[in-house]
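# Structure assessment
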Protein chains: 2
Amino acid sequence: MSTPRKRPRQQRSKETVAAILEAAAQLFGRHGYTATTTNRVAERAGVSIGSLYQYFPNKDALLTALAEEHLAEAVQVLDQALDACARERPDLPGLVSGLVGAVAELHTGRPRLHRLLFDQAPRVPELVARLRAIERRAAAGLAAELRRLGRGGDDPELAALLAVQGVEAQIHGAVVDPPPGRSAAACLAAVAALWTRALDVPAR
Amino acid sequence: MSTPRKRPRQQRSKETVAAILEAAAQLFGRHGYTATTTNRVAERAGVSIGSLYQYFPNKDALLTALAEEHLAEAVQVLDQALDACARERPDLPGLVSGLVGAVAELHTGRPRLHRLLFDQAPRVPELVARLRAIERRAAAGLAAELRRLGRGGDDPELAALLAVQGVEAQIHGAVVDPPPGRSAAACLAAVAALWTRALDVPAR
DNA sequence: ACCGAAAACTGAGGATAGCTCGCATTATGG
DNA sequence: CCATAATGCGAGCTATCCTCAGTTTTCGGT
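Report follows, based on the coordinates. Just so it is clear, the model here is predicted, and its values are computed rather than measured.

### A closer look at the interface of chain B and chain A
Reports often express the size of an interface as the amount of accessible area lost when the parts come together. Every contact between the two is made by 32 residues of chain B and, on the other side, 33 residues of chain A. With its nearest N and O atoms 3.1 Å apart, the salt bridge here joins Arg 136 of chain B to Asp 177 of chain A. At the surface where chain B touches chain A, the tally comes to eight residue pairs in polar contact (both at pLDDT 80 or more). For the side of chain B that touches chain A, the secondary structure elements donating two or more residues are helix 6 (111–120), helix 7 (125–149), helix 8 (156–176) and helix 9 (184–199) of chain B. Here the side of chain B that touches chain A is composed, by residue class, of 15 nonpolar, seven polar and 10 charged.

Structure representation (structure tokens):
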């Protein structure tokens, strides 16, 4: 369904695929998903419509591919943050700050692409599932850290999942629609402080 | 764009519109937005394709209309919960439980529809703005209650907004993709306990 | 350098889904 | 009971997604 129908093997075709994705990102962002036609994407990318369909089985696959790129980056950033925790073994405030910082980086790194994907991508059920999987993965990592610190209450796994989901939503809200009169840094600090309190309960 | 092209005035046409929306909700939910055709929606609703386009200018309008319905219900439920607080003046755990319960009610009422809308609704700026406005409204009500209780830290308004955003995301996650091995009630209790701790800090 | 094979590219056009429009049917209210 | 408005209809127009048969470019071996 969303798997590339053919893998680009030569340099030429890799550039073609990159040009198609770049054109798709621009047009989806400017006109929205429905109003963008695959023929226009091909035109803007400077390739024929046939070439587009050599690498993408259908229109949804364009969006899926853009999202996969972004999600892969998310996995990388989160894994990096978790590795840092494994090395530095921070206390609870440090752990929470690390999580908040990593999530914030995902939103501020490429805000335009992130917003496009958040606005348009969820139309594909497959991507929702993928997002949830990443959530669970991050939650598992956080839960391990909570257990190390002896925090997280009766069910550290559940607490970690709730924290990941909550932080994600709060940071997104702060970036998309920042509360008036507060700096971005102040919002991040508030989120971190709040979760430090929420998670600071001894494990059973 | 998303406004109905014609308002149903007679009882007959109101039933037609209701049947179309019901059919759209079912088919979108079962097969997804892209895979659902407007002709099939009309067919399942038992009306002609022409009638559908008398009341909905385009396919997106079907989804938008479903979202408007759901948002209106959200406003009603949240206002009701806030009224209850104004009357009963609960303590912090009671306040948080009330909020969590109200949000949960929004999700459990028609879980399939809610999931459909959250996942697939076109994030038209208009709808996003409506959603944020509802969020702010709920946050304002919660902030007033926090001030009454002398809780919420330095910035009760910000804390309330973060709480609303967080609870929304967590309840949604629990309904859409429930953590295995935990009952729904256990998840709600965990969310409430967590936010009670997070908000239980004296106002400055 | 040359050649055969594989990869990449092309774009007219088939299939299909969104949407229109002229007309038929049903309701309203004077 | 009739004039008028509201509602319903569905064949078909239009636009979009996507295919496919054929051409061009690149690659690896000799």
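### Regarding the layout of surface pockets
Considered as a void within the structure, the second largest pocket measures approximately 360 Å³ in volume. Lining the second largest pocket are 17 residues, and of these Gly 29, Arg 115, Leu 116, Asp 119 and Val 176 of chain B lie nearest its centre. Breaking the lining of the second largest pocket down by element, the ones donating at least two residues are helix 7 (125–149) of chain A together with helix 1 (11–31), helix 6 and helix 8 of chain B. The element that contributes the greatest number of residues to the lining of the second largest pocket is helix 6 of chain B, accounting for six residues. A class-by-class count of the residues in the lining of the second largest pocket yields nine nonpolar, three polar and five charged.

### Overview of the packing of aromatic side chains
Counted by the stated rule, this structure contains three aromatic pairs over all chains. The interplanar angle of 50 degrees and the centroid separation of 5.2 Å between the aromatic rings of Phe 28 of chain A and Tyr 33 of chain A together place this pair among those described as tilted. The exposure classification of Phe 28 of chain A matches that of Tyr 33 of chain A, with both residues buried. Their ring planes at 65 degrees and their centres at 5.7 Å tell us that Trp 195 of chain A and Trp 195 of chain B sit as a pair that is edge-to-face. Pair noted here: Trp 195 of chain A is in helix 9 (residues 184–199) and Trp 195 of chain B is in helix 9, and the two residues belong to different chains. Per residue, the accessibility class of Trp 195 of chain A equals that of Trp 195 of chain B, and both read buried. Residue placement shows Lys 59 of chain A over the ring face of Tyr 33 of chain A; its charged tip is 4.6 Å from the ring centre.

### Here we look at unusual backbone geometry
A positive phi angle, close to 45 degrees, is found at Arg 89 of chain A, a residue other than glycine. Looking at the element boundaries, Arg 89 of chain A is found in the loop between helix 4 (59–88) and helix 5 (92–109).

Calculation notes
Residues numbered from 1 in each chain as written. Chains lettered and ligands numbered in written order. Predicted model: local features only at pLDDT ≥ 70, side-chain atom pairs only at ≥ 80, totals over all residues. Heavy atoms only, no water. Contact = heavy atoms within 4.5 Å. Salt bridge = Lys/Arg side-chain N within 4 Å of Asp/Glu carboxyl O. Polar contact = N/O pair within 3.5 Å; in protein donor to acceptor, adjacent residues only side chain to side chain. Helix = DSSP H or I, 4+ residues; strand = E, 2+ residues; numbered from the N terminus. Nonpolar A, V, L, I, M, F, W, Y, C, P; charged D, E, K, R; others polar. 1 Å grid on protein atoms, 1.4 Å probe; cavity = no way out; pocket = protein on both sides within 12 Å on 5 of 7 lines; lining within 4 Å. Points joined across faces, edges and corners; volume = space filled by probe spheres on them. Phe/Tyr/Trp six-rings, centres within 6.5 Å; stacked < 30°, edge-to-face > 60°. Buried < 20%, exposed > 50% of the residue type's maximum accessible area, 1.4 Å probe, protein only. Lys NZ or Arg CZ within 6 Å of the ring centre and 35° of its normal.

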